[in-house]
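One-letter residues, chain by chain:
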Amino acid sequence: MKSRLRVASEPFGYIKVYLYHEPVKNQYKITDIEIYDLFATIRLSVVKFYTVSLWAEICLRSYGGGLGGEEAQRFFQLLLDALVWVDRLPAERAVFVTLQFLVRFLALAGYPLDLSSCHDCGRDLSLQEPVFAEARDISWCCAQCARPGMIKIPAGARRYLEKTQMMPIPPLSSIFRMSTKRRMQARRGWKSQATCKHSSRESSDR
Ligand SMILES: [Zn+2]
């Protein structure tokens, strides 16, 4: 038990803790621990460790995005999916998982990323147009409405964010290692599976 407790107390492990409530002292004691996954590669890579530390910071500072009930469960599942895949991918791909994590977290917290139109003039943007954003704002605008100092999000990056934010992370993560040709083929194939739920991921992951 002690050795399991020591191992399970490492950060970013996926564990189940059994508690006993001692009514006289009104204290909780750990009676058992089940270890599901310790994501070993995260602690072997500074890049991965700092990546997941960012996610943890966001969870803690935002109090879980202020979410409750079913949305809190979805947030937990999102964090778990992201941990699973950052653990399996090479460290240089971790930034892509962070992008997907952040976009999905914002949507769950009530700030969905809609890059299809300009927030200033309301014009619908074509797929070839970039968008511009303030570093401390969550609104976007077109090239005509852009102000000096705004960050440019190129059309390709915008399309990537728009197309991928509704895809499940597990099949999405394999896109990172594909050639451009295979990526296009996969996207066409995944269009028909866009409604695929995480339940199928559960059975294939473990
Ligand atoms: Zn505009």
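Residues numbered from 1 in each chain as written. Predicted model: local features only at pLDDT ≥ 70, side-chain atom pairs only at ≥ 80, totals over all residues.

(A) Focus on the pairing of strand S1 (residues 14-22). In terms of burial, S1 is largely open, as just zero of its nine residues are buried. Pairing geometry for S1 and strand S2 (residues 27-37), over nine bridges, is antiparallel. Each residue of the ladder has a partner; that of Val17, found in S2, is Ile33. Hairpin geometry of S1 and S2 is characterised by an intervening segment of four residues between the two adjacent antiparallel strands and by a positive phi of about 55 degrees at Asn26. (Buried ≥ 20, exposed ≤ 12 C-beta atoms within 10 Å, placed from the backbone. Helix = DSSP H or I, 4+ residues; strand = E, 2+ residues; numbered from the N terminus. Pairing = 2+ DSSP bridges.)

(B) Up close: unusual backbone geometry. In this structure, Phe12 is a non-glycine residue whose phi angle is positive, near 75 degrees. By secondary structure assignment, the location of Phe12 is in the loop between helix H1 (2-8) and S1.

(C) Highlighting the sheet that holds strand S5 (residues 151-153). Spatially, the three strands line up as an open sheet ordered S4-S3-S5, and their pairing is antiparallel. Each of the sheet's edge strands pairs with one partner strand only, and the pair in question is strand S4 (140-141) and S5. Two strands pair when backbone bridges link them, and strand S3 (residues 131-133) and S5 are joined in this way by three bridges, in the antiparallel orientation. Note on S5: the bridge partner recorded for Phe132 is Lys152.

(D) Here's a closer look at the nonpolar core. Counting 16 residues, the largest nonpolar core has Leu78, Leu79, Ala82, Leu83, Val86, Val97 and Phe101 as the members making the most contacts within it. Looking at this core, the elements with two or more residues in it are helix H2 (46-61), helix H3 (69-88) and helix H4 (94-108). Take this core: its biggest share by element is eight residues, from H3. Each residue touching Val86, except ones within four places of it in the same chain, is listed here: Ile42, Lys48, Thr51, Val52, Ala94 and Val97. Counting six residues, the second largest nonpolar core, distinct from the first, contains Cys118, Val131, Phe132 and Cys141. (Core = buried A, V, L, I, M, F, W, Y, C linked by C-beta atoms within 7 Å. Contact = placed C-beta atoms within 7 Å.)

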